[in-house]
Each structure stands twice: as structure tokens, then as C-alpha cells.
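Single-letter residue listing:
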Amino acid sequence: MPLKCNSCGAVYDPIDSAGYRNYHVCPAERIVTPAKSNTDGSVKTPATTEPWPNPRNENVILNRETHESTIISEGLGVTEIPKGKP
Ligand SMILES: [Zn+2]
């Protein structure tokens, strides 16, 4: 069942079509103010960005003492998305 990241809004399958685990990581930054361009396509005002607040990172770290693995950061968690309803 697809998952929606509650931190960044990305929708992804936790297991890909080949059966491998898909580790979601939120983007490092988000756009605060979009860039503006001149009529010739050159950049008039560059975009401004900020670090993504409370990002999710599903990459796994191993506790060498307990041999348990956990994801690096839960962020705001995930929501299950029924198939066919993006
Ligand atoms: Zn995310």
C-alpha cells in the first residue's frame, strides 16, 4: 500500500516493483519564494529556500549493542494511501 510522508507530502511505495525496500528521505530544503524570470528567461530573482522542517529519513541505523535497527528520523510519520487514491 502506498504511503504519504506527513512531513513533505511525497507519496511512495515502501516496497518497489522488484520487491526491494524503498527508503524515503525528505528533500533537504524547500522553496519559500519561487524564482522570478525576465521575459528572455534569465533569472530576475532567485528562489529562496529553507531547511525542510522535521524531515523524515527512513535510512536505517544499527545499535551495535542491542543489534536492533531503527530509522534515522520519523519526521511527522506517514499515512497509508489506499491504491487508486493518490
Ligand atoms: Zn518526506
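Check the entry above for the structure.
What this report covers is the structure whose coordinates are included nearby. Every value quoted in this text rests on a predicted model; they were computed, and no experiment measured them.

### Considerations on the environment of Asn22
Argument step 1. Looking at the secondary structure, you find Asn22 in the loop between strand E2 (11–12) and strand E3 (29–33).
Argument step 2. Overall, the presence of 11 C-beta atoms within 10 Å leaves Asn22 in the exposed class.
Argument step 3. In this structure, the C-alpha to C-alpha distance between Asn22 and Arg56, residues 34 residues apart in sequence, is 13 Å.

### Remarks on the environment of Pro51
Argument step 1. By the secondary structure assignment, Pro51 is in strand E6 (residues 48–51).
Argument step 2. Using a count of 9 C-beta atoms within 10 Å as the deciding quantity, one classes Pro51 as exposed.
Argument step 3. Remark: the alpha-carbon pair of Pro51 and Ile71, spanning 20 residues in sequence, is separated by 20 Å.
Argument step 4. Setting aside its immediate chain neighbours within four residues, Pro51 contacts Ala28 and Glu29.

### A few points about unusual backbone geometry
Argument step 1. Of note in this structure, Asn54 is not a glycine but carries a positive phi near 50 degrees.
Argument step 2. Within the secondary structure layout, Asn54 lies in the loop between E6 and strand E7 (57–62).
Argument step 3. Its 12 C-beta neighbours within 10 Å are what place Asn54 among the exposed residues.
Argument step 4. A positive phi angle, close to 60 degrees, is found at His67, a residue other than glycine.
Argument step 5. Along the chain, His67 turns up in the loop between E7 and strand E8 (69–73).
Argument step 6. C-beta crowding within 10 Å serves as the criterion here: with 7 such atoms nearby, His67 is assigned to the exposed category.

### Some remarks on the sheet that holds E2
Argument step 1. Read from one edge to the other, the open sheet built from 3 strands follows the order E2-E1-E9, with strand pairing classed as antiparallel. Edge positions in the sheet fall to E2 and strand E9 (78–80), since each has one partner strand and no second.
Argument step 2. Strand direction decides the pairing type here: strand E1 (residues 3–5) and E2, joined by 2 bridges, are antiparallel. Within E2, the position partnered with Leu3 by the bridge is Tyr12.

### Description of the pairing of E3
Argument step 1. The buried fraction of E3 amounts to 0 of the 5 residues, a small share that puts the element mostly on the outside.
Argument step 2. Summarising the sheet, E3 and E6 pair through 4 bridges and their orientation is antiparallel. Directly across from Thr33, in E6, lies its bridge partner Thr48.

Parameters at a glance
- Residues numbered from 1 in each chain as written.
- Predicted model: local features only at pLDDT ≥ 70, side-chain atom pairs only at ≥ 80, totals over all residues.
- Helix = DSSP H or I, 4+ residues; strand = E, 2+ residues; numbered from the N terminus.
- Buried ≥ 20, exposed ≤ 12 C-beta atoms within 10 Å, placed from the backbone.
- Contact = placed C-beta atoms within 7 Å.
- Pairing = 2+ DSSP bridges.

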